[in-house]
Structure formats: structure tokens, C-alpha cells
Amino acid sequence: MSSSDIFISETVGTAVLILLGGGVCAAVTLKRSKALNAGWVAITFGWGFAVLTGAYIAAPSGAHLNPAVTLGLAIDGGTKWGDVPVYIGSQMLGAMIGAALVWLSYYGQFRAHLTDPELVAKLDEEGLVDRSAAPKAGPVLGVFSTGPEVRNVVQNLATEIIATTVLVLAILNLGLTKGLAVSGTGTLIVALVVVGVGLSLGGPTGYAINPARDLGPRIVHALLPLPNKGGSDWSYAWIPVVGPLVGAALAAGIHQAF
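Residues numbered from 1 in each chain as written. Predicted model: local features only at pLDDT ≥ 70, side-chain atom pairs only at ≥ 80, totals over all residues. Heavy atoms only, no water.

S.K.: Go over the pattern of salt bridges, please, and point to the residues and values.
M.R.: A full pass over the atoms with the stated rule returns 2 salt bridges. The residue D214 makes a salt bridge to R218 at a minimum N-O spacing of 2.7 Å. Of this pair, D214 and R218 both sit in helix α11 (residues 211–223), separated by 4 residues, roughly a single helical turn. One exposure class covers both D214 and R218, and it is buried. (Salt bridge = Lys/Arg side-chain N within 4 Å of Asp/Glu carboxyl O. Helix = DSSP H or I, 4+ residues; strand = E, 2+ residues; numbered from the N terminus. Buried < 20%, exposed > 50% of the residue type's maximum accessible area, 1.4 Å probe, protein only.)

Right under this line is the structure:
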């Protein structure tokens, strides 16, 4: 598999992952959306289907779609270390493309939501109107990236580590049953694991479990010309990057030990 094969596969697959995953967040969050207030179950299943679709599209490259998965596979010996930068670079690019496509798909809803008089009045009280560089997380940041319900560095980091350990450990152990990989059923199981992680462990932080999934769209949020968008919460941004990478390394260590 050439570097160009990996690049194309991972970029397109990750873009679709973020388009569908960010899309369900937009659908549930934004005013004038038919799915407004559909709830957490809709989000978790939406992300599960996003993983399923992106993974089948990116099957030629092994469908990592996630720097944490790439790291775990590299530590475990299933991916060449020389290919790791190509995987991660492609995933970051794909995540940014996917986030931009979410904005384009919901352009009217973003404007309706962010210019709603009630929201503008609330932002004005907090001094956040038209202050894109404000440190506080903006009202639509959750469409693009994750954030904690209770801001506690130790807990937030631990949650991301634990959730990603579960995900990557499940992925590594799929290889023990060869029929799953041959039939393609393994991809479906990974998608269901993502749904399970979201339902069970997504409450505290929004379960990034993927550095590219969080960082790429967060950068796009910071760059997009969204009115009254507020800040991109960069003080928190390192947790959904470091936590999943630590969790992936821990999962690979557990897998090798047993």
C-alpha cells in the first residue's frame, strides 16, 4: 500500500466520518433544523453510523480514521511507523474538510441560530457578541468539537483515556477472530463499540476518543466566518488530543501483555 493510497483513503474516509458525525450534532443543536433537540441517543447512533460509513469507504487503508487507532496499531506492530505521519496528516486534513462540509450543509441553520435575538441577547449580557477570540466556548462549538460538562482536568483526561482504551482494545482484539476481518463484520462491530462508548462514557466530555475528530474541526470553527460564534476553548483542546493517545498506548500495552 503506497503513501498516496493511504492519503486518499484516510482523507476521504475521515472527511465522511466528520461530515456525518458533525452533521448529527448540527441537526440536534441548531435552530430551524428538523432534528432539533433529538437528544443524546440520536447523537451517539449518528456517530456510530458515521464511523461505519467512513470505515467502509476507507477500507483500502485499513480504515484507521483516528490518530489514536494508528498509534495503537503501530505500537502493536500492525502498522509501519514510517506510515504513521501519512495516516495522521491525512486524518487531520479529512477532519477539517468534513467540518467545513458540515458548515456548508447547515449554512442557513448556523446563521439562523447565531443571529437569533434570544441568543444574541444572552451573548451580549456575557460580553461575547462578535468576539470570536473570546476564551469561553461559543454557542455552536459543540457541533465541531467536544467539551466537558464538569471542567476538571484530571477527570476529563481520565475519561478520554478510559474511553479510548476500550475502543482501541476492541479494535486490536478483532484481529484474533480472522473471520470478522474477512467478512467485513469487524467494521460493524467497531461502529457498535463507538455507540456503546458514547452511551456509557460520553456524558462527561462528549467522548472525542479521536484527536483528529476534535482538533481538526476546532481549527475550522476558529477560522469560519460565523457571526457571534464565541471562542474555540483552546484551554481544553489538549485533553481530547493527549487523552486518546495515552489510551491507545495503554490499550496496545494491555493487548501485548495478554
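S.K.: Mind laying out the packing of aromatic side chains, listing which residues take part and the relevant values?
M.R.: Both the distance between ring centres and the angle between the ring planes are used here to describe each pair of aromatic rings. Within the structure shown, the criterion is met by 4 aromatic pairs. An angle of 45° between the planes, with centres 6.3 Å apart, marks the rings of F45 and F49 as tilted. Here F45 pairs with F49, and both are found in helix α2 (residues 40–57), just 4 residues apart, close to one helical turn. On the basis of relative accessibility, which here comes to 53%, the residue F49 falls in the exposed class. Arranged with centres 5.7 Å apart and planes meeting at 25°, the rings of F110 and F144 form a pair that is stacked. With F110 in helix α5 (residues 107–114) and F144 in helix α7 (residues 141–144), the pair connects residues that are 34 residues apart, well separated along the chain. F110 sits in the buried class, given a relative accessible area of 1%. (Phe/Tyr/Trp six-rings, centres within 6.5 Å; stacked < 30°, edge-to-face > 60°.)

S.K.: Explain the side chain of T159 residue by residue, including any values.
M.R.: Tracing the sequence through the fold places T159 in helix α8 (residues 153–174). On the basis of relative accessibility, which here comes to 12%, the residue T159 falls in the buried class.

S.K.: Lay out the environment of L201 with the relevant residues and their values.
M.R.: If you trace the backbone, L201 turns up in helix α10 (residues 185–201). Separated by 77 residues in sequence, L201 and D124 place their C-alpha atoms 34 Å apart. With residues up to four places along the chain from it excluded, the contact list for L201 reads T159, I162, A163 and G196. (Contact = heavy atoms within 4.5 Å.)

S.K.: Break down the packing of helix α3 (residues 67–76) against α8 for me, with residues and values.
M.R.: Where α3 meets α8, the axes come as close as 10 Å, and the angle between the chain directions of the two elements is 50°. Looking at the two axes, α3 sits oblique to α8. For the pair α3 and α8, the sense of crossing is right-handed. Here α3 contributes A68, V69, G72, L73 and D76 to the contact with α8, which in turn contributes T164, V168, I171 and L172. Considering only residue class, the contact of α3 with α8 consists of 6 nonpolar, 2 polar and 1 charged. (Axes fitted to C-alpha atoms, helices over the stretch in contact; angles between N-to-C directions. Parallel < 35°, antiparallel > 145°, perpendicular 65-115°, else oblique. Left-handed = near helix turned anticlockwise from the far one by under 90°. Nonpolar A, V, L, I, M, F, W, Y, C, P; charged D, E, K, R; others polar.)

S.K.: Give a description of the environment of W40 that names residues and reports values.
M.R.: Note on placement: W40 falls in helix α2. Residue class for W40 comes out partly exposed when judged on its relative accessible area of 34%. Each C-alpha atom, one on W40 and one on G142, is 13 Å from the other, the two residues being 102 residues apart in sequence. Apart from the residues lying within four places of it in its own chain, the contact partners of W40 are G198, L199, G202, G203, G206 and Y207.

S.K.: Please set out the nonpolar core residue by residue, giving values where relevant.
M.R.: For soluble globular proteins, the rule of thumb is that nonpolar side chains tend to be buried together. Judged by nonpolar contacts, the single largest core of 44 residues is most densely connected at W47, F110, V143, F144 and L226. For this core, the element with the highest residue contribution is helix α1 (residues 3–29), accounting for 7 residues. Counting 8 residues, the second largest nonpolar core, distinct from the first, contains A68, V168, L172 and A251. (Core = buried A, V, L, I, M, F, W, Y, C linked by side-chain atoms within 4.5 Å.)

S.K.: Residue-level account of the packing of α8 against α10, with values.
M.R.: Where α8 meets α10, the closest approach of the two axes is 10 Å, and the angle between their N-to-C directions is 160°. Relative to α10, the element α8 is oriented roughly antiparallel. The two elements α8 and α10 meet at a crossing, and its hand is right-handed. Together, T159, I162, A163, V166, L167, A170, I171 and L174 of α8 and G186, I189, V190, V193, V194, V197 and L201 of α10 make up the contact between the two elements.

S.K.: Can you explain α5? Please cite residues and give values.
M.R.: Within α5 the residues assigned to the buried category are Q109, F110, H113 and L114. The arc enclosing the buried residues of α5, seen along the axis, measures out at 120°, which places them on a common side. Considering only its buried residues, α5 is in contact with α1, α4 (84–105), α6 (117–125) and α7. (Arc of directions from axis to C-beta.)

S.K.: I'd like to hear about unusual backbone geometry, residue by residue, with values.
M.R.: Its identity is not glycine, yet A63 carries a phi of approximately 55°, on the positive side. Assignment of secondary structure puts A63 in the loop between α2 and α3. Look at A63 and you get buried, because its relative accessible area is 19%. A positive phi angle, close to 45°, is found at I209, a residue other than glycine. Structurally, I209 can be placed in the loop between α10 and α11.

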